Protein chains: 2
Amino acid sequence: MADRPAPLFRRVAIIGSGLIGSSLALAIARCGGAGEIAVADRDAAVLARAEALGLGTSYHATAAAAASGADLVVACVPVGACAAVAAEIAPVLSAGAIVSDVGSVKGSVIRQMQPLLPDPRRLVPAHPVAGTEHSGPDAGFAALFDNRWCILTPPDDADPEAVDKVAALWRACGANVEVMPADHHDLVLAITSHLPHLIAYNIVGTAADLETVTQSEVIKFSAGGFRDFTRIAASDPTMWRDVFLHNKDAVLEVLGRFSEDLAALQRAIRWGDGDQLFDVFTRTRAIRRGIIAAGQDTASPDFGRRPAPEGTAPAGDGPPPAERQAS
Amino acid sequence: MADRPAPLFRRVAIIGSGLIGSSLALAIARCGGAGEIAVADRDAAVLARAEALGLGTSYHATAAAAASGADLVVACVPVGACAAVAAEIAPVLSAGAIVSDVGSVKGSVIRQMQPLLPDPRRLVPAHPVAGTEHSGPDAGFAALFDNRWCILTPPDDADPEAVDKVAALWRACGANVEVMPADHHDLVLAITSHLPHLIAYNIVGTAADLETVTQSEVIKFSAGGFRDFTRIAASDPTMWRDVFLHNKDAVLEVLGRFSEDLAALQRAIRWGDGDQLFDVFTRTRAIRRGIIAAGQDTASPDFGRRPAPEGTAPAGDGPPPAERQAS
């Protein structure tokens, strides 16, 4: 232990103990990235659960209490709550403290937090592109960010040393770090994350409202594709409400394109244009291959959620094929 | 072996060696449901592969050759090819032979096949609600139907004994059997399977066409939700083209509702109506819970595709929390 290098940060304050906050606390503990991990949650029951799980080294009912004495404060709250966190921590921030977040929208976070902070150049917004459909402190795990991307969107005038330190922490937590402008982040994530969630929520809602198909039928026969959408549509409602309210322009842009493209498919179905359908359905396979080649998903059928058989040869207690052919 | 009961069928002909046909051949072999399994594929390379994999007991270049002498013929072909299969096998069918299929659309299959068969009352259409995004004989496995639903849609005048025998075979192959009218099947599957596939294909196409976001960015940051859609959008294009062409009315009906609902969400985003978004996002969680409770999906985060950690306590080589708090 004597040879262990000094941690990157003396005290990291994690504001909010949801899936991402609790996973970040565990990941920082795993890599030894901080001397202290001060965990805050304004919900007393959640905070008690965070303490019972041993997520940090101290537990605080307010963001200000956790942020006091911290050299890094990470807001792990719904995007719509970032301004309130900035306002609360600003009076107690140590000189030189870095402020960051984990929100899925970055332009809005900068607009909300930067004007309220004593040292706006030490705001380093971050977005770990990782998560599950589960919420709350019990859902957190240290490996959540392993080999996932974490996107940093420092404003042009951000302090390079602060950016480097936040990047180093995320790398130590297992993530790969990418830096890009906030507005570009918001457009990329609109198509890779926000629109998929909106569509998943929407189709599950549409199914629930059908008068001619019962909910039990929807559930029973969901293996045909629908169940994949329900996983995404089980994500945290508060977080996602805020994503759509705070990334309105980019979401409306990609949603408009999606709807146009869907109308073209609808027309092809109505008019029986099989060639057009076949062309669209063929070229989408290439993107899947790219995602698997990039290590962003498993190639196992059905995400590997069904155990694959030992082999493809006939199994069980029947006679082998040659015998049966002779019978 | 002497005590083994006689198989349900003397000779089953599997017409088409794709994912479903090859899995059905393996599942029948596993349960000993047939004395012979005659495998046909009009594609010589696919047929050779089926033989190399040992999927059946005999291999045939034509549907007629496989169907000769069979007491059950199962068309495992895209829905649009069912009429051609019926026309080809009709002249060679044994007296009393049952004809079935595995298509994802049932009304069209009945309309295509029934008029061409010598004994229309022995047509028992079936749809195993199971599959993966992979195609071809190598993708097949005997356990594909285990604990999945297989829906039979016998016409009103179908022979009850034929229906019972087909149901018994599917149960022996691991499936749970449900019987319903073809038109109701086509509406239920339009929402639980066909619309999800159409939407997945569509969003992947929309993403590929964005000028402002590169394809490599879409791939890199797909973990935010998009990659789930790409799995579904990697499904067999021919099969899915035929599904949409042959279930046009039901798909257009649910697609119309989906688009209306999506327009309402779009309006809520544009006007900043967070309460409406929150309400929709909250009630969709209940359907996910129903699917997990019904055993139709795993409750593991991310379908279990990321290995879960050993526990949620901080791990790795850092000091335990108590020590760090004291430092």
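Residues numbered from 1 in each chain as written. Chains lettered and ligands numbered in written order. Predicted model: local features only at pLDDT ≥ 70, side-chain atom pairs only at ≥ 80, totals over all residues.

As for the overall build of chain A
Item 1. Looking only at helices and strands, chain A features 13 helices and nine strands.
Item 2. With the C-alpha coordinates of chain A rotated into their principal frame, the extents come out at 80 × 50 × 35 Å.
Item 3. Buried residues in chain A amount to 57% of all 327 residues.
Item 4. In chain A, of all internal contacts separated by at least 6 residues, the share reaching a separation of at least 24 is 75%. (Helix = DSSP H or I, 4+ residues; strand = E, 2+ residues; numbered from the N terminus. Buried ≥ 20, exposed ≤ 12 C-beta atoms within 10 Å, placed from the backbone. Contact = placed C-beta atoms within 7 Å.)

Overview of the pairing of strand E8 (residues 149-152) of chain B
Residues and elements named next belong to chain B.
Item 1. Burial along E8 is two-sided: Trp-149 and Ile-151 facing one way and Cys-150 and Leu-152 facing the other are all buried.
Item 2. By the bridge criterion, three bridges tie strand E7 (residues 126-128) to E8 in an arrangement that is antiparallel. Pairing of Pro-128 across the sheet is with Cys-150, part of E8.
Item 3. Both E8 and strand E9 (residues 176-179) contribute to a ladder of four bridges, which runs parallel. (Pairing = 2+ DSSP bridges.)

As for the environment of Thr-192 of chain B
Item 1. Note on placement: Thr-192 of chain B falls in helix H7 (residues 182-209).
Item 2. For Thr-192 of chain B, a count of 26 C-beta atoms within 10 Å translates into the label buried.
Item 3. The sequence separation of Thr-192 of chain B and Val-129 of chain B amounts to 63 residues, and the corresponding C-alpha distance is 10.0 Å.
Item 4. Each residue touching Thr-192 of chain B, except ones within four places of it in the same chain, is listed here: Val-218, Phe-221, Ser-222, Gly-224, Gly-225 and Phe-226 of chain A.

Section: the relation of the copies chain A and chain B
Relating the two copies of this chain is a rotation about some axis coupled with a shift parallel to it.
Item 1. For the pair chain A and chain B, the relating rotation is 180°, the translation along its axis is 0.0 Å, and the fit reaches an RMSD of 0.0 Å. A rotation of that kind, with that shift, is consistent with a two-fold axis.
Item 2. Most of the interface of chain A is mirrored in chain B, where 100% of its interface residues are also at the interface. (Least-squares fit on C-alpha atoms with pLDDT ≥ 70 in both.)

Examining the environment of Ala-263 of chain A
Item 1. Its location among the elements puts Ala-263 of chain A in helix H11 (residues 248-270).
Item 2. With 13 C-beta atoms counted inside 10 Å, the residue Ala-263 of chain A sits in the partly exposed group.

Thoughts on the interface of chain A and chain B
Item 1. Each side of the interface is counted separately: chain A has 121 residues, and chain B has 122 residues.
Item 2. Here the side of chain A that touches chain B takes 19 residues from helix H7 (residues 182-209) of chain A, the largest share from any one element.

Examining the domain arrangement of chain A
Residues and elements named next belong to chain A.
Item 1. For chain A, the domain assignment lists domain 1 (9-181) and domain 2 (185-297).
Item 2. Centre-to-centre, using C-alpha coordinates, domain 1 lies 30 Å away from domain 2.
Item 3. With 16 residues of domain 1 at the contact, the number on the domain 2 side is 17 residues.
Item 4. Residues of the side of domain 1 that touches domain 2, tallied by class, amount to six nonpolar, eight polar and two charged. (Domains from an automatic or database assignment. Nonpolar A, V, L, I, M, F, W, Y, C, P; charged D, E, K, R; others polar.)

Details of the packing of H7 of chain A against helix H11 (residues 248-270) of chain B
Item 1. Where H7 of chain A contacts H11 of chain B, the axes come no closer than 9 Å and their chain directions differ by 125°. It follows from the interaxial angle that H7 of chain A and H11 of chain B lie oblique. As H7 of chain A runs across H11 of chain B, the sense of the crossing is right-handed. For the pair H7 of chain A and H11 of chain B, contact is made by Leu-198, Asn-202, Ile-203, Gly-205 and Thr-206 of chain A and by Val-254, Arg-257, Phe-258, Asp-261, Leu-262 and Leu-265 of chain B, respectively.
Item 2. In terms of residue class, the contact of H7 of chain A with H11 of chain B is made up of six nonpolar, three polar and two charged. (Axes fitted to C-alpha atoms, helices over the stretch in contact; angles between N-to-C directions. Parallel < 35°, antiparallel > 145°, perpendicular 65-115°, else oblique. Left-handed = near helix turned anticlockwise from the far one by under 90°.)

What about the sheet that holds E7 of chain B?
Residues and elements named next belong to chain B.
Item 1. Read from one edge to the other, the open sheet built from three strands follows the order E7-E8-E9, with strand pairing classed as mixed. The open sheet has two edge strands with one neighbour each: E7 and E9. When the angles between neighbouring strand axes are averaged without regard to direction, this sheet yields 20°.

Considerations on unusual backbone geometry
Residues and elements named next belong to chain A.
Item 1. Of note, Asn-147 is a non-glycine position whose phi angle comes to about 60°, a positive value.
Item 2. In this fold, Asn-147 is placed in the loop between strand E7 (126-128) and strand E8 (149-152).
Item 3. A residue is classified by how many C-beta atoms lie within 10 Å of it, and Asn-147, with 13 of them, is partly exposed.
Item 4. Unusually for a residue other than glycine, Asp-302 sits at a positive phi of about 55°.
Item 5. Structurally, Asp-302 can be placed in the loop between helix H12 (274-293) and helix H13 (321-326).

A short note on the confidence of the model for chain A
Residue and element names in this part refer to chain A.
Item 1. Averaged over every residue, the pLDDT of chain A is 91; residues scoring 70 or more account for 92%.
Item 2. Counting interchain partners and residues more than four positions distant, the pLDDT-below-50 stretch residues 306-327 has 39 contacts.
Item 3. For this predicted complex, the interface confidence reaches an ipTM of 0.88, while the overall pTM sits at 0.88. (pLDDT = per-residue confidence, 0-100.)

A look at the sheet that holds strand E9 (residues 176-179) of chain A
Residues and elements named next belong to chain A.
Item 1. Judged by pairing direction, the sheet is mixed, and its three strands sit side by side in the order E7-E8-E9 without closing on themselves. Among the strands making up the open sheet, the edge pair consists of E7 and E9. For this sheet, the mean inter-axis angle between neighbouring strands, taken without regard to orientation, is 20°.

Side note on the nonpolar core
Item 1. Judged by nonpolar contacts, the single largest core of 226 residues is most densely connected at Ile-15 of chain A together with Ile-15 of chain B.
Item 2. When sequence neighbours within four positions are dropped, the list of residues in contact with Ile-15 of chain A reads Ala-40, Ala-63, Ala-66, Val-73, Val-74, Ala-75, Cys-76, Val-77 and Val-85 of chain A. (Core = buried A, V, L, I, M, F, W, Y, C linked by C-beta atoms within 7 Å.)

A look at H11 of chain A
For an α-helix the count is 3.6 residues per turn, leaving residues at separations of three or four pointing the same way.
Item 1. For H11 of chain A, built from 23 residues, the straight-helix expectation of 33 Å at 1.5 Å per residue is met to within 8% by its first-to-last C-alpha distance of 32 Å.
Item 2. Among the residues of H11 of chain A, those classed as buried are Ala-250, Val-251, Val-254, Leu-255, Phe-258, Leu-262, Leu-265, Ala-268 and Ile-269 of chain A.
Item 3. Against the buried residues of H11 of chain A lie H7, helix H10 (237-246) and H12 of chain A together with H7, helix H10 (237-246) and H11 of chain B.
Item 4. Where H11 of chain A ends, the next residue or the one after it, Gly-272 of chain A, has phi of about 70°, a positive value. (Expected span 1.5 Å × (residues − 1).)

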